[in-house]
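Examining the three-dimensional arrangement
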Amino acid sequence: IMSQESPNDKGRVFSYQACVYGKMTKPGGDPVNDGDGLANQCLNQLRQIDNPEQFPPYLFVLLLSPAYLAKVKASHLVAGVHNRLIQNGMGDVPMIGSSVGGVIFDGDVHTEGALLICLASRLSSVRVGHGLNARINGAGAVDALWNQLFVPLGESGELERNLNPVGNRWLLTFLPGY
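Structure report, in brief.

Re the overall build of the protein chain
From N to C terminus, the protein chain includes five helices and nine strands. The order of α-helices and β-strands along the protein chain, N terminus first, is β-β-β-β-α-β-α-α-β-β-β-β-α-α. Out of the 178 residues in the protein chain, the part that is buried amounts to 28%. Counted over contacts in the protein chain with a minimum sequence separation of 6, partners at least 24 positions apart contribute 68%.

Structure representation (structure tokens):
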């Protein structure tokens with residue numbers, strides 16, 4: 001899947017963002033192999049991109065259904081994904097994740113499934129952070145997260161030079177359910 005396509009004056013279409021994914025409708029026999037398989041699906045799709053130098057991966061997003069998590073240990077699945085990424089020189093690409101009610105792919109909701117999404121572009125970058133104990137100290141968790149993701153005002157000259165310091169940015173959050 002390519003997004004943000006725009007034709008130039010010669011009618012050629014350029015893409016600035018690639019989004020590929022690995023999918024599973026239900027757990028296999030071994031969560032490490034499941035993770036390896038999800039990562040392999042993403043890597044195979046990345047290899048099919050015509051000009052891969054324009055689309056280095058910058059973020060992996062792992063989404064797991066509660067039914068999937070009831071059958072396998074998430075840490076083993078994550079280890080399978082991470083090991084495959086390391087073997088392919090992508091061990092430093094951030095990965096975030098969450099449990100979700102179901103994963104959506106191939107036009108259907110899979111309530112026992114898993115989905116690994118890879119976002120790739122040479123024009124994008126990402127920072128990943130986390131706040132701890134949000135239920136106990138919400139303000140402290142948000143402050144910790146903010147300090148991980150953004151340079152505090154006055155700490156660096158970067159903000160004085162950047163005329164649009166928080167423009168054109170996304171904030172993607174996963175919040176615990178109740």
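Some remarks on the pairing of strand S5 (residues 57–64)
Within a regular strand, the side chains alternate between the two sheet faces. Counted residue by residue, S5 has eight buried out of eight residues, so it is predominantly covered. Sheet topology note: the S5/strand S9 (residues 114–120) ladder contains seven bridges and is antiparallel. Across the sheet, the residue bridging to Phe-60 is Cys-118, located in S9. With five bridges connecting them, S5 and strand S6 (residues 95–99) associate as parallel partners. Along S6, the bridge assignment pairs Val-61 with Ile-96.

Observations concerning the environment of Pro-27
The topology assignment puts Pro-27 in the loop between strand S4 (17–24) and helix H1 (31–47). Classification of Pro-27 by relative accessible area gives buried; the value is 16%. Separated by 42 residues in sequence, Pro-27 and Leu-69 have C-alpha atoms that sit 8.8 Å apart. Residues in contact with Pro-27, not counting those within four places in the same chain, are Asp-34, Tyr-68, Lys-71, Val-72 and Glu-112.

Comments concerning H1
Taking 1.5 Å of rise per residue, the 17 residues of H1 would be expected to cover 24 Å, and the 24 Å separating its terminal C-alpha atoms lies within 8% of that figure. Looking at H1, one finds that the buried residues are Pro-31, Asp-34, Gly-35, Asp-36, Leu-38, Ala-39, Cys-42, Leu-43 and Leu-46. Sitting at the head of H1, Asp-30 places a side-chain oxygen 3.1 Å from the backbone nitrogen of Val-32.

Conventions adopted
- Residues numbered from 1 in each chain as written.
- Predicted model: local features only at pLDDT ≥ 70, side-chain atom pairs only at ≥ 80, totals over all residues.
- Heavy atoms only, no water.
- Helix = DSSP H or I, 4+ residues; strand = E, 2+ residues; numbered from the N terminus.
- Buried < 20%, exposed > 50% of the residue type's maximum accessible area, 1.4 Å probe, protein only.
- Contact = heavy atoms within 4.5 Å.
- Pairing = 2+ DSSP bridges.
- Expected span 1.5 Å × (residues − 1).
- Polar contact = N/O pair within 3.5 Å; in protein donor to acceptor, adjacent residues only side chain to side chain.

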